[in-house]
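Fold and contact review
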Amino acid sequence: MSDTLKIGPYEFKSRLLLGTGKFEDMQVQARAVELSEAEILTFAIRRLPVDNPDAPNFLESLDLKSFKLLPNTAGAYTVEECVRIARLARASGLCDMIKVEVIGDPRTLLPDPIGTLEATKILVDEGFIVLPYTNDDPILARKLQEAGAAAVMPGASPIGSGQGIINPNNLRFIIEEAKVPVIVDAGIGAPSDAALAMELGADGVLLNTAVSGAKDPALMAQAFKLAVQAGRQGYLAGRIPKKRYATASSPAEGIIE
Ligand SMILES: CC(=O)[C@@H](O)[C@H](O)COP(=O)(O)O
């Protein structure tokens, strides 16, 4: 049975999306990307010298033809900035997919929900395949889908915090109602967080800091690959319900008195 992640017209075997640009060493980044088996890589457009493609940059150690690039609008604090950055990405031929980030506050880096919705509407109208980074609000997730988002990307916890999933209940609400893929993005700290997101029924996980900041990023990337696969299989297999009291593991029938 093929179990692929479908975003807009694209289909992926891997459900792990990886952020780039935060690794200390570009060779380590390349090895981590390889071991993660991620097919979608995200990067901040503002950190790329888009007006000079020959200038050194953090993507050059990667064979970009092997990946789907997901440029993001990191650093945008207004709708106008976000839309301008997205248009720049498209004009530079980077990709038709865009991860919308409209940040509402510099300390928490939480998204501005109203700006995110507005930017999503504008960019969908302009023909982008829009994947908005959003907070874990089920109502906003619904409105983003109604606006034409190709996926919704609720944060597990603040970007780079490594706190893991703060509100699994909200994620569950978003997942239950979603008609597009739900990709848990940001705040993932350990492979177990990614496995939990997938067990909850998320379609994918996007992370950066947990791998790029690990003591051994390549080994951690591999651990995340396995965790996402395990979580997905656990979800598809259907976990047992939680009960208040014990149930004997060995059935009572057939026991010799
Ligand atoms: C694009 C990117 O890599 C981040 O914006 C993303 O939200 C990952 O967050 P973490 O670094 O917390 O995984």
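Residues numbered from 1 in each chain as written. Predicted model: local features only at pLDDT ≥ 70, side-chain atom pairs only at ≥ 80, totals over all residues. Heavy atoms only, no water.

**With respect to the packing of helix α2 (residues 79–91) against helix α3 (residues 113–125)**
Running from N to C, α2 and α3 point in directions that differ by 35°, and their axes come no closer than 9 Å. Between α2 and α3 lies a crossing of right-handed hand. Between α2 and α3, the contacting residues are V79, C82, V83, A86 and R87 on the first element and G115, E118, A119, I122 and L123 on the second. Considering only residue class, the contact of α2 with α3 consists of seven nonpolar, one polar and two charged. (Axes fitted to C-alpha atoms, helices over the stretch in contact; angles between N-to-C directions. Helix = DSSP H or I, 4+ residues; strand = E, 2+ residues; numbered from the N terminus. Left-handed = near helix turned anticlockwise from the far one by under 90°. Contact = heavy atoms within 4.5 Å. Nonpolar A, V, L, I, M, F, W, Y, C, P; charged D, E, K, R; others polar.)

**Topic: the nonpolar core**
Where a protein is soluble and globular, its nonpolar side chains tend to be buried together. Within the largest apolar cluster, 58 residues are counted, with the highest numbers of intra-cluster contacts made by I98, L123 and L207. Element by element, the count of residues in this core is highest for α2, at six residues. Once residues lying within four places of it in the same chain are set aside, the contact partners of L207 are L16, L17, L18, G19, I188 and F224. If you look at the next biggest cluster of nonpolar residues, it comprises 15 residues, including I7, L17, M97 and I129. (Core = buried A, V, L, I, M, F, W, Y, C linked by side-chain atoms within 4.5 Å. Buried < 20%, exposed > 50% of the residue type's maximum accessible area, 1.4 Å probe, protein only.)

**Notes on the packing of aromatic side chains**
By the definition in use, this model includes zero aromatic pairs. The ring centre of Y10 lies 3.8 Å from the NZ or CZ of K68, which sits over that ring. The ring centre of Y133 lies 5.4 Å from the NZ or CZ of K99, which sits over that ring. (Phe/Tyr/Trp six-rings, centres within 6.5 Å; stacked < 30°, edge-to-face > 60°. Lys NZ or Arg CZ within 6 Å of the ring centre and 35° of its normal.)

**Structural notes on the site of the ligand**
Contacts to the ligand come from 14 residues, most closely from G160, D185, G187, N208 and T209. One of the side-chain N or O atoms of D185 is found 2.8 Å from an oxygen atom in the ligand. Within the contact set of the ligand, an oxygen atom lies 2.9 Å away from a backbone nitrogen or oxygen of G187. Compared with its free state, where it exposes 350 Å², the ligand has 94% of that area covered by protein. Residue composition of the shell around the ligand, grouped by class: four nonpolar, seven polar and three charged. (Near = heavy atom within 4 Å. Polar contact = N/O pair within 3.5 Å; in protein donor to acceptor, adjacent residues only side chain to side chain. Areas by Shrake-Rupley, 256 points an atom, 1.4 Å probe, with all protein chains shown as cover.)

**Digging into the confidence of the model for the protein chain**
Averaged over every residue, the pLDDT of the protein chain is 94; residues scoring 70 or more account for 98%. For this predicted complex, the interface score ipTM comes out at 0.94, while the overall pTM is 0.93. (pLDDT = per-residue confidence, 0-100.)

**Points about unusual backbone geometry**
Residues other than glycine seldom take positive phi values, yet L109 does so here, at roughly 55°. Turning to its location among the elements, L109 is positioned in the loop between β6 (97–100) and α3. L109 gets classed as partly exposed once you look at its relative accessible area, which sits at 27%. With a phi angle near 90°, A186 is a residue other than glycine that sits in the positive phi range. Relative to the helices and strands, A186 is located in the loop between β9 (183–185) and α6 (191–199).

**A word on the environment of I114**
Locating I114 in the fold gives a position in helix α3. Its relative accessible area of 64% is what places I114 among the exposed residues. Between the C-alpha atom of I114 and that of R232, which follows or precedes it by 118 residues, the distance is 32 Å.

**Topic: the side chain of S157**
Inspection of the secondary structure assignment puts S157 in the loop between β8 (153–154) and α5 (168–177). In terms of polar contacts, S157 uses its side chain to reach the side chain of S161, at 3.3 Å. A polar contact is formed between the side chain of S157 and the backbone oxygen of G164, at a distance of 2.8 Å. When residues no more than four places from it in sequence are discounted, the contact partners of S157 are Q163, G164, I166, A186 and G187.

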